[in-house]
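# Structural overview
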Amino acid sequence: MINFRKGYEPNNPKDDLVKKLQKILDLVYNEDSEYYPGSFHPETDLAEVTDAIFQILFNQNNESVHLIIDKNPNNSLDMTIDKIE
């Protein structure tokens, strides 16, 4: 027989919702964060791309980041943070 604490359900969708809402609130109120979904960084270099990945995955404790990198005619890069999970 398996018993759960009162009010606790395995795979509770409310817990996922609370975590997602907390991430949104952290994003809205964290004005120090340079990297957030939808942020555009023109004329970056590889060092800044690496820094963004490190900041997002390790300093902000996320699991994945989706980047869009566009090459400009002058060989600089434009970086867009598409998605952070």
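Now for a description of the structure that goes with this document. (Residues numbered from 1 in each chain as written. Predicted model: local features only at pLDDT ≥ 70, side-chain atom pairs only at ≥ 80, totals over all residues. Heavy atoms only, no water.)

Our next topic: the environment of D78. Looking at where D78 falls in the secondary structure, it is placed in strand β3 (residues 77–84). Since its relative accessible area comes to 13%, D78 is described here as buried. Distance from D78 to H41, taken between C-alpha atoms, is 5.8 Å for residues 37 residues apart in sequence. Each residue touching D78, except ones within four places of it in the same chain, is listed here: F40, H41, P42, E43, T44, I68, I69, D70 and N72. Of the polar contacts made by the side chain of D78, one reaches the backbone nitrogen of E43; its length is 2.9 Å. Within the local environment of D78, its side chain forms a polar contact with the side chain of N72, the two groups lying 3.0 Å apart. (Helix = DSSP H or I, 4+ residues; strand = E, 2+ residues; numbered from the N terminus. Buried < 20%, exposed > 50% of the residue type's maximum accessible area, 1.4 Å probe, protein only. Contact = heavy atoms within 4.5 Å. Polar contact = N/O pair within 3.5 Å; in protein donor to acceptor, adjacent residues only side chain to side chain.)

Turning next to the side chain of S76. With respect to the secondary-structure elements, S76 resides in the loop between β2 (65–71) and β3. At a separation of 2.8 Å, a polar atom in the side chain of S76 contacts the side chain of N72. Within the structure, the side chain of S76 is placed 2.8 Å from the side chain of N74, a separation counted as a polar contact. If we ignore the near neighbours within four places in the chain, the residues touching S76 are E43, T44, D70 and K71.

All right, on to the nonpolar core then. In terms of nonpolar packing, the biggest core is built from eight residues, these being Y35, V49, A52, I56, V65, M79, I81 and I84. Elements supplying a minimum of two residues to this core: α2 (46–59) and β3. When near neighbours in sequence (up to four residues on either side) are disregarded, V65 contacts I56, L57, I81, K83 and I84. (Core = buried A, V, L, I, M, F, W, Y, C linked by side-chain atoms within 4.5 Å.)

Moving on, we come to the pairing of β2. Inspection of the sheet shows β2 paired to β3 by seven bridges, in the antiparallel sense. Pairing of H66 across the sheet is with K83, part of β3. Here β2 folds back onto β3 in antiparallel fashion, the turn holding five residues, of which N75 has a positive phi close to 70°. (Pairing = 2+ DSSP bridges.)

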